[in-house]
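# Breakdown of the fold
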Amino acid sequence: IDGIEVLTRVRTTRGPSELPVIMVTAKDSRDDIIAALKAGANDYVTKPIDFAVVLARTRTQLASKRAHEALARKIAEVEQLAADLHVASITDFLTKQFNRRHFMQVLQTEFARALRYQNVLSLIIIDIDHFKKINDTHGHLQGDRILADVAAIISANVRSHDVVARYGGEEFVIVLPQTDEPGAMVVAEKVRHHVAETAFAGMDGCPITISGGLVKFPGNDPSGSLTVDRLIHSADDALYRAKEGGRNRVEVARIAP
């Protein structure tokens, strides 16, 4: 095979910036030069060979290759930095779960999807019982560890496409797409049970419990006026009733018509 065919095959796997190629040939016609450049040659040298010229052109191609590699590394660094910044912007630093801002975006999206396709959607709000007492008795650093540990338990007991976020303070939220009330209750009770059965480090045997409020969309909404804000408010009301009912329990929202 000729040099053009060799170059064509090389270029199927190695680009010009990855592997510079200088064609050295006795063919010096305009059409030959154009054909070589179209096939992917970086440069073209005709015989008889002037080795000083070949060396100079080789150095130029190597310098270009190094510059391209350096630029590619910088681009990769910038892309990684952008990705890291994006993750940081939607993640709660302490618990490593999503933050409230991202939760609201997800809930708006899932609510719109459920509304459009007439799917079910459930939301659970979870609160750590007597969290202020934990901070007052064991210190705020221990309180932070409890928050992180509870967040890890919640995350470990949901599906991969469910969304867990820190809503604020000692409150967490779980968005469960395409999940009805019984299914959401299974998740809520599983999380509640695991938290209650966990012996948390640094608590000297003192148990930790959580309370939860659960709401399903569309749910009991005869007026058809349920919004994202009402969905959250309803789950929060159910959480309040769980607190009032003795804590360490999950209550289902009653959405008024």
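Preceding this paragraph is the structure being described.
Okay, so let's go over this structure.

Moving on: the sheet that holds strand 3 (residues 121-128). Taken together, five strands build an open sheet; the order of strands is 4-5-3-6-7 and the sheet is mixed. For this open sheet the edge positions go to strand 4 (163-168) and strand 7 (250-252), each flanked by a neighbour on one side alone. The sheet shows a mean angle of 20 degrees between the axes of neighbouring strands, direction not considered. As defined by bridge partners, strand 4 adjoins strand 5 (residues 171-177) across five bridges and the pair is classed as antiparallel. Paired with valine 163 across the two strands is valine 175, which belongs to strand 5. The strands touched by helix 4 (residues 100-117) are strand 3, strand 4, strand 5 and strand 6 (210-217); relative to strand 3, the strand with the most contacts, the crossing angle is about 155 degrees.

So, about the nonpolar core. Ranked by size, the top nonpolar core spans 27 residues in total, and within it Ile124, Ile128 and Val150 carry the most contacts. Elements that contribute at least two residues to this core include exactly strand 3, helix 5 (131-138), helix 6 (140-156), strand 5, helix 7 (181-197) and strand 6. The dominant element in this core, judged by the number of residues it contributes, is helix 6, at six residues. Judged by nonpolar contacts, the second largest core, of 23 residues, contains Ala114, Leu121, Tyr167 and Phe217.

All right, on to the pairing of strand 4 then. Within a regular beta strand, the side chains point alternately toward one face of the sheet and then the other, so they alternate between its two faces. Most of strand 4 is tucked away: five of the six residues are buried. Here strand 4 hands over to strand 5 after two residues, with glycine 169 in that stretch at a positive phi of 60 degrees.

This brings us to helix 8 (residues 228-244). A rise of 1.5 Å per residue sets the reference length of helix 8, with its 17 residues, at 24 Å; its end C-alpha atoms lie 24 Å apart and thus fit the reference within 8%. Among all positions in helix 8, only Val228, Leu231, Ile232, Ser234, Ala235, Ala238, Leu239, Ala242 and Lys243 are buried. As for helix 8, its buried residues are in contact with helix 4, strand 3, strand 4, strand 5, strand 6 and strand 7.

Counted under the stated rule, the structure contains two aromatic pairs. Here phenylalanine 103 and tyrosine 167 contribute two aromatic rings whose centre-to-centre distance is 5.6 Å and whose plane-to-plane angle is 90 degrees, an arrangement assigned as edge-to-face. Here tyrosine 167 lies in strand 4 and phenylalanine 103 lies in helix 4, a separation of 64 residues in the sequence. One cation-aromatic arrangement involves lysine 96 over phenylalanine 93; the distance from NZ or CZ to the ring centre is 4.4 Å. Across from the ring centre of tyrosine 167, 4.0 Å away, lies the NZ or CZ of arginine 100, which sits over that ring.

Procedures and definitions
- Residues numbered from 1 in each chain as written.
- Predicted model: local features only at pLDDT ≥ 70, side-chain atom pairs only at ≥ 80, totals over all residues.
- Heavy atoms only, no water.
- Pairing = 2+ DSSP bridges.
- Helix = DSSP H or I, 4+ residues; strand = E, 2+ residues; numbered from the N terminus.
- Axes fitted to C-alpha atoms, helices over the stretch in contact; angles between N-to-C directions.
- Contact = heavy atoms within 4.5 Å.
- Core = buried A, V, L, I, M, F, W, Y, C linked by side-chain atoms within 4.5 Å.
- Buried < 20%, exposed > 50% of the residue type's maximum accessible area, 1.4 Å probe, protein only.
- Expected span 1.5 Å × (residues − 1).
- Phe/Tyr/Trp six-rings, centres within 6.5 Å; stacked < 30°, edge-to-face > 60°.
- Lys NZ or Arg CZ within 6 Å of the ring centre and 35° of its normal.

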